[in-house]
Structures are given as structure tokens and as C-alpha cells.
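Single-letter residue listing:
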Amino acid sequence: IRSTTAPAALPLAEVKRGDRLDILEQAEFKTPTRTNEWYRVRTKTSDATEGWVEARSVINKSVVDKSLDLFEKSRSIPSQGIGRLKVQTRLRLEPGGDVVTHLSRGMMVEIAGKTRTTFKPEKQHDSDDTDDSEEPETRTVIWYQVRLPETEVLRAGWVGAWLERTRAGIVAYLRWLAAEPALA
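As the structure is a prediction and not an experimental result, all values here were calculated from the model.

(A) Structural context of the overall build of the protein chain. In terms of helices and strands, the protein chain carries one helix and 11 strands. Its helices and strands taken in sequence order, the protein chain reads β-β-β-α-β-β-β-β-β-β-β-β from the N to the C terminus. Residue burial in the protein chain is summarised as follows: out of 184 residues, 28% are buried. Taking contacts inside the protein chain between residues at least 6 apart in sequence as the whole, the part at least 24 apart equals 49%. Looking at the protein chain as shown, the accessible area adds up to about 13,000 Å², and 47% of this sits on carbon and sulfur atoms.

(B) Focus on the environment of leucine 24. Mapped onto the secondary structure, leucine 24 falls in strand E1 (residues 21-30). Judged by its relative accessible area of 31%, leucine 24 falls in the partly exposed class. On a C-alpha basis, the gap between leucine 24 and tryptophan 52 in space is 9.7 Å, while along the polypeptide they are 28 residues apart. Excluding residues within four positions of it along the chain, leucine 24 makes contact with Arg40, Val41, Arg42 and Glu50.

(C) Just the side chain of arginine 147, in detail. Here arginine 147 is to be found in strand E8 (residues 139-147). Within polar-contact distance, the side chain of arginine 147 engages the backbone oxygen of isoleucine 77 at 3.1 Å. In this view, arginine 147 contacts Phe71, Ser74, Arg75, Ile77, Pro78, Ser79, Val109, Glu110, Ala112, Arg155 and Ala156; residues no more than four positions away in its chain are not counted.

(D) Focus on helix H1 (residues 61-74). Taking 1.5 Å per residue as the helical rise, H1 with its 14 residues ought to reach 20 Å, and the 20 Å between its terminal C-alpha atoms agrees with that figure. Buried residues of H1: Val63, Val64, Ser67, Leu70, Phe71 and Ser74, and no others. Summarising the axial view, the buried residues of H1 lie within an arc of 125°, below the 170-degree limit, and thus occupy one face. Turned more than 90 degrees from where H1 packs its buried face, Lys61, Lys66 and Lys73 sit exposed. Residue asparagine 60 occupies the N-cap position of H1, its side-chain oxygen lying 2.8 Å from the main-chain nitrogen of serine 62.

(E) Quick peek at the sheet that holds E1. The strand order across the open sheet built from three strands is E1-E2-E3, with neighbouring strands paired in antiparallel fashion. Looking at which strands have only one partner, the edges of the open sheet turn out to be E1 and strand E3 (50-54). Strand-to-strand twist in this sheet, taken as the mean axis angle between neighbours without regard to direction, amounts to 30°. Here five bridges tie strand E2 (residues 35-43) to E3, and the two strands are oriented antiparallel to one another. Residue valine 41 lies in a different strand from E3, and its bridge partner there is glycine 51.

Conventions used here
- Residues numbered from 1 in each chain as written.
- Predicted model: local features only at pLDDT ≥ 70, side-chain atom pairs only at ≥ 80, totals over all residues.
- Heavy atoms only, no water.
- Helix = DSSP H or I, 4+ residues; strand = E, 2+ residues; numbered from the N terminus.
- Buried < 20%, exposed > 50% of the residue type's maximum accessible area, 1.4 Å probe, protein only.
- Contact = heavy atoms within 4.5 Å.
- Areas by Shrake-Rupley, 256 points an atom, 1.4 Å probe, with all protein chains shown as cover.
- Polar contact = N/O pair within 3.5 Å; in protein donor to acceptor, adjacent residues only side chain to side chain.
- Expected span 1.5 Å × (residues − 1).
- Arc of directions from axis to C-beta.
- Pairing = 2+ DSSP bridges.
- Axes fitted to C-alpha atoms, helices over the stretch in contact; angles between N-to-C directions.

Below, the structure written as C-alpha cells:
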């Protein structure tokens, strides 16, 4: 927790993953390259420290509750596999939904389910385009429902893998997952 939103702000308190905060105010600050969102917060400790944290470091309680609900509903589903994330991966609460957080490279995940969505990308319009240009091909995304380790605040969600056509057929891009060998 910092004294202000400025880069040279003083640190006021340290919060750890899973600590609860009261959100008192929300503010956006625009720079030439991006918009930073901040929350003025108060700790739930005895000293009730107030200060600022970047919004990307905070997960809303409703998101946590939805993730826990998804986890509880998936508990009775047998595991389809276990893997370790090879790259930072976007987690969503529903297939194709908004990104709620990024999962760290190296995190272990358990696959509980799978579904697919299709969409047609919007046609790109260039200044020299003619009306007879090709329509974009429909794209398919495979979504995997994953369960996350007990140490995580969010316990379940969905991650996506693009399907691409190749000479060998259709290949799912699972760059984000490395299968773990079965434990003896």
C-alpha cells in the first residue's frame, strides 16, 4: 500500500495474497501510453492503514466467489490431466469471458473439463480495400476448465487454446501447458 499513486510514493504497509481490503475510492490516471487504475484502500488490521494500490493487484470479492462456485461445481468431475503452465496464461470465469487475472508461468493446474467456441473476426478495412476482399475465416477456441492449487485465491476458471489449420490437419495450440508425468 502506497501513500499516493505517484511512482515515488512512500510504502505504507505490505499486504499479502489473500488479505482483505476495504475499497474507499477508485481513480484512473492517464499517461501517453496507457491508463492506470488505482484504488484507495483501508486494511482490516488493527491499525487500519489507508493508502493506494494498483487495481491490477486487487481481485473483487464477487470474482473470488464466482471462482469458488465454479471450483465447488467441478469437484465431482474426475481430473482429465495435470500440467504446469509454460507461459503466463489468462484466466476467465467463463469460456470467452473477460480476463479476471493472469496465471503465472510454472503454476500447476488440473484440467476438469473442455468446451469450444467459434467466432468470426471482423473484416479489416484498409484504405485501398475493395468490396471483393476475402471474408475472415471462422476461428475456433478450445476452452479448458482448470482447477488451481489450494494456495491460490481464485480456485478455478477457464483458459483458451486456439485451433489452427495446418497441412497435417487441425492443431490445438496448447503452448500454455506442459503435461506432467504421472506420479508413482
